[in-house]
Amino acid sequence: MARITLSQLRHSYLPNPKGPDDYVLKDIDLDWHDGGAYALLGPSGCGKSTLLNIISGLLAPSEGRILFDGKDVTDLPPEQRNIAQVFQFPVIYDTMTVYNNLAFPLRNRGVDEAVVKDRVTKIAEMLDVTEMLQKPAAGLSPDNKQKISMGRGLVRDDVNVVMFDEPLTVIDPHLKWTLRSKLKELHQKVRATMIYVTHDQTEALTFADQVVVMEDGQIVQIGTPVELFERPTHTFVGHFIGSPGMNILPCNVQNGQALFEGHTVVLEGPIEAGTVDQGAGLTQIGIRPEFITFGATGVPATVRKVADIGRHSVVDTVVGETLIKVIVEGAAPVQGAATHLRFDPSKTRLYRDGWIATQALEAAE
Amino acid sequence: MKKTYQKAWFLVLPVLLLVAFNALIPMMTVVNYSVQETFGNNLFFWEGLGWFEKLLNSDRFHAALGRQFMFTGLILVIEVPLGIAIALAMPRQGIWVPFFLVTMALPMLIPWNVVGAMWNIFTLPDIGLLGYFMNHTLGIDYNMTQDPFAAWATIITMDVWHWTSLVVLLSYAGLVSIPDAYYQAAKIDGASKWAVFRYIQLPKMKQVLPSPFCCGSWTVLISIPRYSS
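Residues numbered from 1 in each chain as written. Chains lettered and ligands numbered in written order. Predicted model: local features only at pLDDT ≥ 70, side-chain atom pairs only at ≥ 80, totals over all residues.

> Whenever I open this one, the overall build of chain B confuses me. Can you help?
Across its full length, chain B holds 10 helices and two strands. Listing the helices and strands of chain B from first to last along the sequence gives α-β-β-α-α-α-α-α-α-α-α-α. Here chain B has a C-alpha radius of gyration of 25 Å; the compact-globule value for 229 residues is 17 Å, and the former is much larger. Expressed as lengths along the three principal axes of its C-alpha atoms, the size of chain B is roughly 80 × 75 × 35 Å. Within chain B, the proportion of its 229 residues that are buried is 16%. Contacts spanning at least 24 positions in sequence make up 62% of the contacts within chain B whose residues lie at least 6 apart. (Helix = DSSP H or I, 4+ residues; strand = E, 2+ residues; numbered from the N terminus. Rg over C-alpha atoms; globule rule 2.2 N^0.38 Å. Buried ≥ 20, exposed ≤ 12 C-beta atoms within 10 Å, placed from the backbone. Contact = placed C-beta atoms within 7 Å.)

> Please clarify how the overall build of chain A should be interpreted in this entry.
Regarding its fold elements, chain A presents eight helices and 22 strands. In terms of overall dimensions, chain A has a C-alpha envelope of 75 × 50 × 40 Å along the principal axes. Counting over 365 residues, chain A shows a buried share of 41%. For chain A, restricting intrachain contacts to residue pairs at least 6 apart in sequence, the fraction spanning at least 24 positions comes to 67%.

> What am I meant to see in the domain arrangement of chain A here?
In many analyses, interface size is given as the accessible surface area lost on bringing the parts together. Residue and element names in this part refer to chain A. Segmenting chain A into domains produces domain 1 (4-235) and domain 2 (243-356). The C-alpha centroid of domain 2 is placed 38 Å from the C-alpha centroid of domain 1. On the side of domain 2, eight residues touch domain 1, which itself brings four residues to the contact. Residue classes in the side of domain 1 that touches domain 2 are distributed as one nonpolar, three polar and no charged. (Domains from an automatic or database assignment. Nonpolar A, V, L, I, M, F, W, Y, C, P; charged D, E, K, R; others polar.)

> Explain the interface of chain B and chain A to me, please; I cannot follow it from the model alone.
The interface of chain B with chain A comprises 14 residues on the first partner and 19 residues on the second. Of all the secondary structure elements, the ones that give two or more residues to the side of chain B that touches chain A are α8 (180-188) and α9 (193-206) of chain B. The biggest single contributor to the side of chain B that touches chain A is α8(B), with six residues. Of the residues assigned to the side of chain B that touches chain A, the class counts are nine nonpolar, three polar and two charged.

> I would appreciate a short explanation of helix α3 (residues 113-127) of chain A in the present structure.
Two residues of an α-helix separated by three or four positions point the same way, owing to the 3.6 residues in each turn. All names here are of chain A. Along its 15 residues, α3 runs 21 Å from first to last C-alpha, staying within 8% of the 21 Å computed at 1.5 Å per residue. Buried residues of α3: Val 116, Arg 119, Val 120, Ile 123 and Ala 124, and no others. Across the axial projection of α3, the buried residues extend over an arc of 130°, all falling on one side. Opposite the buried face of α3, by more than 90 degrees, sit the exposed residues Ala 114, Val 115, Asp 118 and Glu 125. (Expected span 1.5 Å × (residues − 1). Arc of directions from axis to C-beta.)

> Explanation requested: the pairing of strand β4 (residues 63-68) of chain A in the structure shown.
Residues in a regular strand project their side chains so that they alternate between the two faces of the sheet. All names here are of chain A. As paired strands, strand β1 (residues 4-11) and β4 are joined by five bridges and run antiparallel to one another. Residue pairing in the sheet places Ile 4 in a bridge with Phe 68 of β4. Here β4 pairs with strand β5 (residues 71-72) via two bridges, running antiparallel. Following the sheet pairing, Leu 67 is matched in β5 by Asp 72. The antiparallel hairpin formed by β4 and β5 contains two residues in its connecting segment, where Asp 69 sits at a positive phi of about 50°. (Pairing = 2+ DSSP bridges.)

> Would you mind going over the sheet that holds strand β12 (residues 252-254) of chain A with me for this structure?
One key point about sheets: their strands pair by backbone hydrogen bonds, in either a parallel or an antiparallel sense. Residue and element names in this part refer to chain A. Spatially, β12-β13-β14 is the arrangement adopted by the three strands of the open sheet, whose pairing is antiparallel. Among the strands making up the open sheet, the edge pair consists of β12 and β14 (263-265). On average, adjacent strands in this sheet sit at an angle of 45° to one another, irrespective of strand direction. Sheet topology note: the β12/strand β13 (residues 257-260) ladder contains three bridges and is antiparallel. Bridge pairing in β13 links Gln 254 to Gln 257. (Axes fitted to C-alpha atoms, helices over the stretch in contact; angles between N-to-C directions.)

> How should I be thinking about the nonpolar core in this particular structure?
Across soluble globular proteins, nonpolar side chains have a tendency to be buried as a group. All names here are of chain A. Counting 76 residues, the largest nonpolar core has Tyr 38, Ala 39, Leu 40, Ile 195 and Tyr 196 as its most contacted members. Apart from the residues lying within four places of it in its own chain, the contact partners of Ala 39 are Tyr 196, Thr 198, Ala 204, Phe 207, Ala 208, Val 211 and Val 212. Of all hydrophobic cores here, the second largest spans 22 residues; its members include Leu 249, Val 326, Leu 350 and Ala 357. (Core = buried A, V, L, I, M, F, W, Y, C linked by C-beta atoms within 7 Å.)

> Looking at this model, I keep getting lost on the sheet that holds β5(A). Mind explaining?
All names here are of chain A. Taking strand neighbours across the sheet as the criterion, the four strands line up as β2-β1-β4-β5 in an open arrangement whose pairing is antiparallel. Of all strands in the sheet, those bounded by a partner on one side alone are β2 (25-32) and β5. Sheet analysis places β1 next to β2, joined by five bridges and oriented antiparallel. Residue His 11 lies in a different strand from β2, and its bridge partner there is Leu 25.

> Looking at this model, I keep getting lost on the domain arrangement of chain B. Mind explaining?
For chain B, the assigned domains read domain 1 (6-52) and domain 2 (58-228). A C-alpha centroid distance of 36 Å is found between domain 1 of chain B and domain 2 of chain B.

> What should I look at first to understand helix α5 (residues 173-190) of chain A in this one?
All names here are of chain A. When the terminal C-alpha atoms of α5 are compared, their 26 Å separation across 18 residues agrees well with the 26 Å that a helix rising 1.5 Å per residue should span. All of the buried residues in α5 are Leu 183, Leu 186 and His 187. Buried positions in α5, seen along its axis, are confined to an arc of 100° and lie on one side of it. The exposed set on the far side of α5, more than 90 degrees from its buried face, consists of His 174, Thr 178, Ser 181, Glu 185, Gln 188 and Lys 189. On its buried face, α5 sits against β3 (37-41), α3, α4 (142-154), β8 (193-198) and α6 (201-207). One or two positions beyond α5, positive phi appears at Arg 191, with a value near 55°.

Dropping the structure here:
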């Protein structure tokens, strides 16, 4: 187990990258702490699998270094990095039994057969696959196959990091949940550093202590699931996480005040100084549907559509040309009704060119 | 209840007729000949199973069948490992892939009787390119028309040249169907090159490799009728 440091990592699949557009990873600086459960979340093509393959050594980065516990491993091949990786499609050795599959990484390293037996038995118990140890691995169901590939990663006790590359893709929906909690449980037992790559926010938020959100080869935010939800530092995070995502409203900034459709919107705190004046750049207001309420005063809006999704309703309202989604529990206004929207000031923020531009006031009380 | 239209059988009638005239009827004629004896003039006498009895008791037939099995065994022992080795050495991506695939397929595209005629001339001791080269340039005594060992060596070389490509293409098809993740997982698991071959590549090729063995048995089967003529 180890702390993993990525330092000024850049990667391009082109031999001679010119502009920043040629890079799939743009300057990544990151520290993964020993024993943490991390998720790497982002849409398809954002570079998260590339990053994973660079950590595992399957890919050499164009620039930058990778350190395990401070030791530079950038030039080491995968088998010398002592890492484990679980792939999107379960990789099992068809001709072997489940036992031999789990023993394979140990035997390749010349581990004593008595130790192999001990480790395999222990891991099989953890994964609930003890009764299928002597069965051929070829006939297993996809979820059991995926369990075996996880087991092959965990069977070595000197493993630095276990990485999961969208491991639940081929698993039946009703089994995803059990496999996910199994994974969480395993992490608590073995305390290995784990990195879980996914584009599914539910998977990321349930598995990880810390979520790293990536977009377009960049890390946009690192934080706990609560932090990502409560205070997204980039409009992408606000939009990507949550269902429906954060409302992003066009606005003007005048005299340190945000104006949306002519209405002053109270923000969580003062606006950070921009380059020239506070109105420079593209400014937007971000507010989650959960933090808007209907009231007698506030921004006047018209209800366009109400979708009752069980526990709460998602109400689509329009202010001018802008669509604003509101989540209400209990009675929702009727379609076509004129109403007023009230934004919770502590959850309303200004974003400049996508990045957060308000300072949170320290909670006084 | 679903209604069954028996008239649909008429739709397969054209194919049935075609197959009857170019395969079934000629084959049954041969079966008919096999139980007859003739001295010409289209005059036939009933012979029963006599021919079969004679054939099965013939030492010449036994020897020929033995040689046929030996031939098949030898070419498989050469072609299968050689084909796998070539397939492993072939690039799996890049601009050279089509070049290698076409080069590999070429010998197979030549009809077998042309292969025979071609190699016959090629290996003739004094006028064939190979024959002349062996005898008069290298000074190795080589005469496949007289010497049994030279004849064996020639037909085996010929078959290897003609059919190794089949093993290459089948193995190659098996190899390219292996997802990258398998190789990556094996690397991470610390598998040696041999382990990758033994546990990932060979199992994949095993699915396609039985066909050369079938072809091998086929050459034995189709050779049998020739002895009877």
